[in-house]
Amino acid sequence: MIGVETLDEFVIRKQTEFPYARGDLSRLLRDIGLAAKIVNREVNKAGLVDILGSTGKTNVQGEEVKKLDVFANRRFIAALELGGQCRGVASEENKDFITFRDGVSKDADYVVALDPLDGSSNIDVNVSVGTIFSIYRRVTPSEGPVTAEDFLQKGRNQAAAGYIIYGSSTMLVYTTGYGVNGFTLDPSIGEFCLSHPDMKIPKTGKTYSVNQGNFLSFPEGVKQFIRHCKEIDKATDRPYSLRYIGSMVADIHRNLITGGIFLYPATTDAPNGKLRLLYECNPMSFIVEQAGGRATDGSRHIQDIEPRELHQRTPIFIGSELLVLKLEEFLREGAGS
Ligand code: P6P
């Protein structure tokens, strides 16, 4: 495949641009790429093999656990443990974080926060789902075990973040703080290949993504913003388009490419918002802001929020910079009403 750069080749090339890089983060990203290929194979077979449906259990979030949730969780944790670059994982599927005690990982400098299969309720209806990961350097002594402190770091401290979207094609999108790059899995060679170099989100857009079923419990400013989106825009003679898949990775990935805003405000059922700070909002915010977008909880940048516990939730408004700023303007006005 002349002219095609694989994820492994790209990661190694980028590493050479950092003379002090030891290659640990590069190897960690490649470990994640391997797990993604394995999960992708099962996601694509779902429906043909007994991996659809529920396990009959609920996770720490009180959410139904699908068989593919468990499979993806196990695969990513195994790849991280065997890769030797990661010392511990905090996963949506596990109440507490996991420490790798094996010799392979004993000097590892990184920990990973992971949503192994986000949007899994969509699996049984063949709608895109995703994996979200956030990578931090440890802040506790490397000779000791990881502690909650290693995970409860602000999003600003992320060493890397990314997602895999298992959709019409499977893509891995990530950042290490030097821009955002997207790789599409070529099944014929089993490699993620650079397909979306240096991704930038449009400064504005005409798409908003929100579960309008919760409209009545939204803050007044969010209601005003949604009413604004429904008005006819004199410039285009059209209102905004509502696009909501119910899979955070898929909704944000679309808006990253076409422009738009994704909103998950606080609601009556979720007074602190539904989405989790550590392994959903921080990594997606790092990526979107690196692509020139904006991500806040309505008043603070998501990545400035001080985490207090592993499964902490937050409201999130994320996407094209001008749309998020517009939303924040409505929130300020709405706060006065
Ligand atoms: P609702 C999927 O369960 C998820 O965690 C995100 O992927 C998605 O954006 C959100 O919840 C959908 O939540 O309440 O609209 O079904």
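Sequence order as written defines the numbering, with residues in each chain counted from 1. Owing to the predicted nature of the model, reporting of local features is limited to residues with pLDDT of at least 70; listing and counting of side-chain atom pairs is limited to 80 or more, with chain, interface and lining totals taken over all residues. Only heavy atoms go into the side-chain values, all of them from the structure, while hydrogens and water stay out.

## Focus: the pairing of strand 6 (residues 129-137)
- Categorising residues by exposure relies on relative accessible area from a 1.4 Å probe, with only protein chains included: less than 20% of the type maximum marks a residue as buried, more than 50% marks it as exposed, and the intermediate range marks it as partly exposed. In this text, helices come from DSSP runs of H or I with a minimum length of four residues, and strands from runs of E with a minimum of two, each type numbered from the N-terminal end. The element strand 6 is largely enclosed, with a buried count of 8 among its 9 residues.
- Strand direction decides the pairing type here: strand 6 and strand 7 (residues 160-166), joined by 7 bridges, are antiparallel. Within strand 7, the position partnered with Val129 by the bridge is Tyr166. One requirement defines pairing of two strands: DSSP has to find at least two bridges between them.

## So, the pairing of strand 7
- Most of strand 7 is tucked away: 7 of the 7 residues are buried.
- Relative to strand 8 (residues 170-175), strand 7 is paired through 6 bridges, and the arrangement is antiparallel. Counted as the bridge partner of Tyr166 is Thr170 from strand 8.
- If you look at the hairpin formed by strand 7 and strand 8, you'll find 3 residues sitting between the two strands.

## A look at the site of the ligand
- Nearness of a residue to a molecule or strand requires only that one of the residue's heavy atoms be within 4 Å of it. Taken together, 13 residues sit near the ligand, with Asp118, Tyr244, Met248, Tyr264 and Lys274 positioned nearest.
- We call two N or O atoms a polar contact when they sit within 3.5 Å, provided that within protein one can donate a hydrogen and the other can accept it, with sequence-adjacent residues counted only if both atoms are side-chain atoms. Side-chain polar atom of Asn211 to an oxygen atom of the ligand: 3.0 Å apart, as the coordinates give it.
- Here Lys274 contributes a side-chain N or O atom positioned 3.0 Å from an oxygen atom of the ligand.
- Working definition of accessibility: Shrake-Rupley area with a 1.4 Å probe, residue cover restricted to the visible protein chains. For the ligand, the accessible surface in isolation is 400 Å², of which the surrounding protein chains cover 81%.

## Notes on the packing of helix 5 (residues 220-230) against helix 8 (residues 321-335)
- Contact pair helix 5 / helix 8: the axes reach a minimum separation of 7 Å and the direction vectors enclose 130°. What the angle tells us is that helix 5 and helix 8 run oblique. For the element pair helix 5 and helix 8, the recorded crossing hand is right-handed. Facing helix 5, whose interface residues are Glu220, Gly221, Val222, Gln224, Phe225 and His228, helix 8 presents Leu323, Lys326, Leu327, Phe330, Leu331 and Gly334.
- Three categories are distinguished: nonpolar for Ala, Val, Leu, Ile, Met, Phe, Trp, Tyr, Cys and Pro, charged for Asp, Glu, Lys and Arg, and polar for the others, with Gly belonging to the last. In terms of residue class, the contact of helix 5 with helix 8 is built from 6 nonpolar, 4 polar and 2 charged. Only the stretch in contact is used when a helix axis is fitted, and all axes are lines through C-alpha atoms; the angle between N-to-C directions ranges over 0 to 180 degrees. Working rule for angles: under 35 degrees goes down as roughly parallel, over 145 as roughly antiparallel, 65 to 115 as roughly perpendicular, anything else as oblique. Two helices cross in a left-handed way if the nearer one is turned anticlockwise from the farther one by less than a right angle. They cross in a right-handed way if the turn is clockwise. The contact criterion used throughout is that any non-hydrogen atoms of two residues lie within 4.5 Å.

## Topic: the sheet that holds strand 14 (residues 294-296)
- Sheet architecture is open: 5 strands sit in the order 12-11-13-15-14, paired in mixed fashion. Among the strands making up the open sheet, the edge pair consists of strand 12 (241-242) and strand 14.

## What to know about the nonpolar core
- Within the largest apolar cluster, 37 residues are counted, with the highest numbers of intra-cluster contacts made by Phe76, Leu117, Phe133, Ile135, Tyr166 and Tyr174.
- For this core, the element with the most residues is helix 2 (residues 24-45), which contributes 8 residues.
- We define a nonpolar core as any set of buried Ala, Val, Leu, Ile, Met, Phe, Trp, Tyr and Cys residues linked to one another through side-chain atoms lying within 4.5 Å. Ile201, Ala250, Leu256 and Ala295 belong to the second largest nonpolar core, which has 29 residues in total.

Take it as geometry only, folks, not as evidence of what the structure does.
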